[in-house]
Amino acid sequence: MARKVLYVAVNGVTGRMGYRQHLVRSLLSIREQGGVPLADGSAVYPEPVLVGRSETRLREIAERHGLARWSTRLDDVLADPEVEV
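Note that this is a predicted model, so its numbers are computed, not measured.

Enquirer: Hey, could you run me through the nonpolar core in this one?
Expert: The tendency in soluble globular proteins is for nonpolar side chains to be buried as a group. In this structure, Val8, Val10, Val13, Tyr19, Leu23, Leu27, Leu28, Leu50, Leu58, Ile61, Ala62 and Leu67 together form the largest nonpolar core, which totals twelve residues. For this core, the secondary-structure elements that each account for two or more residues are strand S1 (3-11), helix H1 (16-32) and helix H2 (55-65). A total of four residues in this core trace back to one element, the largest contributor, which is H1. Counting five residues, the second largest nonpolar core, distinct from the first, contains Tyr7, Val49, Val51 and Val77.

Enquirer: Got a minute to help me understand the pattern of salt bridges in this structure?
Expert: As a working rule, side chains carrying opposite charge can pair if their charged atoms are close by. The final tally for this structure, using the stated rule, is seven salt bridges. Connected via shared salt-bridge partners are Arg69, Asp80 and Glu82.

Parameters and conventions
- Residues numbered from 1 in each chain as written.
- Predicted model: local features only at pLDDT ≥ 70, side-chain atom pairs only at ≥ 80, totals over all residues.
- Heavy atoms only, no water.
- Core = buried A, V, L, I, M, F, W, Y, C linked by side-chain atoms within 4.5 Å.
- Buried < 20%, exposed > 50% of the residue type's maximum accessible area, 1.4 Å probe, protein only.
- Helix = DSSP H or I, 4+ residues; strand = E, 2+ residues; numbered from the N terminus.
- Salt bridge = Lys/Arg side-chain N within 4 Å of Asp/Glu carboxyl O.

In structure tokens form, the structure reads like this:
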């Protein structure tokens, strides 16, 4: 099955709602299930890009969940052409 990676900026991920609701219960849950299946047999696979004010907390969350991309610079993340959402 082909997989389309969709980079998703998650701003405020160091807060309770950003972390629990948006990252863990939504995006990471979708990833664990293999992505969102599409009618053509492929799947959309979300790849979170963590954004927040605390470099230490972002690094901690990224390491805990095996995520490669994080930043304290929202403008840079939003300007990144790979980040679609």
